Amino acid sequence: MDEQALLRQVLRHPGELGPLLVYADCLDLQGRASAAEMVRVLVALPALQPDHGHWHAMEQAFSRCLRQMSPTWLAQIDPARFGRRWPSDLPISMRPGQLRREIQDTVDRPWVVLGQAIDEARRNGAEFVAPFRNVNRRQRHQVVTLPPSVGQLVSLKRMRLYDSPLVRLPAEIGTCAELQTLDLLQSVRLSWFPHELTRCQLLQDFRVNNRVLFGNPMTCLAFPRLDPPDPERMVVARTLWGPALRRCATCDTEYDDRGLHRYWITARVATETVPLLANLCSAACVELLREETPGATTDPHRGGDTIRDLERSRSLR
Ligand SMILES: [Zn+2]
């Protein structure tokens, strides 16, 4: 089958893996490595979640491949139909029960400026950083997370992210062991935090917008459902990026993240009660999550229900 016929197959069945993988092999045979990689990234994308160990590698591969593609080919394949979302695709307000999946463009200027601010703070051993200070105000909304290098700020005590466009924090925030103040007020797209935040044991001044958090009893913003990923697509992700190594939220052992044990738990962190997303190595560690989470106020759950349902199920227990 020629390339155009394969592409037509792909576009006719965007949810099917088979045509995409055959198409990627065909592009490889033609020596079009970047296009083949982009197609495989689009296969992996629906299986990945923003808290998964491969998500940042996916963002980097996607952003790099994007620059190497011809606009004609990109217009034909249209990555949006495979679940690609840019920050500009979604409004500021949350859609209930959904984990935001905006992809960070890691080649884009605002991201580069943000990374430089973090690098400079690391070199200087800074105790205070306001990483958005030098990001052009009109381009700020193109940034949805912080670079993983934020975890190298071992001297950092105060971070100002007031009125930031962030939709998530990276798990690496948990290695900022000296962090005492984290100001996220008016960061109204931020509805959850990585469980790793509980490792910042000196954190005492934590400012967030409660009304936009999952599980807030006033707004009843439902927790997104945490389903296990499609194993076939995960195989492709592992072929592209190898094992996704991370530390278990409960036992702190390094493990290869297959996205099987993801749980919500709400806990008191410094001055706030916030929803935390925990990634765990095993079912046994899920059992221990509540007692291993300082300040926990709920049992671990998979989300997907309204807050009233969650409260009802607790009262029936
Ligand atoms: Zn564990």
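Above this text sits the structure in question.
Residues numbered from 1 in each chain as written. Predicted model: local features only at pLDDT ≥ 70, side-chain atom pairs only at ≥ 80, totals over all residues.

Novice: Is there a simple way to explain unusual backbone geometry in this structure?
Specialist: Although it is not a glycine, Gln-186 sits at a positive phi angle of roughly 65°. Along the chain, Gln-186 falls in the loop between strand E3 (181-183) and strand E4 (193-194). Taking the C-beta count within 10 Å as the criterion, Gln-186 has 13 such neighbours and is therefore assigned partly exposed. The phi dihedral of Asp-252 is positive, around 65°, even though this residue is not glycine. (Helix = DSSP H or I, 4+ residues; strand = E, 2+ residues; numbered from the N terminus. Buried ≥ 20, exposed ≤ 12 C-beta atoms within 10 Å, placed from the backbone.)

Novice: How should the packing of helix H3 (residues 33-44) against helix H4 (residues 55-68) be read in this particular structure?
Specialist: Relative placement of two packed helices is described by the angle separating their axes and the distance separating the axes. Where H3 contacts H4, the two axes come as close as 9 Å, and the packing angle between them is 140°. Taken together, the axes of H3 and H4 lie oblique to each other. Handedness of the crossing formed by H3 with H4: left-handed. Residues Ser-34, Glu-37, Met-38, Val-41 and Ala-44 of H3 form the contact with H4, whose participating residues are Met-58, Ala-61, Phe-62, Cys-65 and Gln-68. (Axes fitted to C-alpha atoms, helices over the stretch in contact; angles between N-to-C directions. Parallel < 35°, antiparallel > 145°, perpendicular 65-115°, else oblique. Left-handed = near helix turned anticlockwise from the far one by under 90°. Contact = placed C-beta atoms within 7 Å.)

Novice: Would you explain the nonpolar core in this entry?
Specialist: Counting residues in each nonpolar core, the largest one holds 54 residues, and the members touching the most others are Tyr-263, Leu-276, Ala-278, Leu-280 and Leu-289. Those elements that place two or more of their residues in this core are helix H6 (109-124), strand E8 (262-269), strand E9 (272-279) and helix H8 (283-292). Top contributing element to this core by residue count: E8, with five residues. The residues touching Leu-280, leaving out its near neighbours within four places in the chain, are Cys-248, Ala-249, Thr-250, His-261, Tyr-263, Cys-285, Val-286 and Leu-289. With 24 residues, the next largest nonpolar core counts Leu-27, Ala-35, Met-38 and Val-39 among its residues. (Core = buried A, V, L, I, M, F, W, Y, C linked by C-beta atoms within 7 Å.)

Keep in mind these values describe shape, not function.
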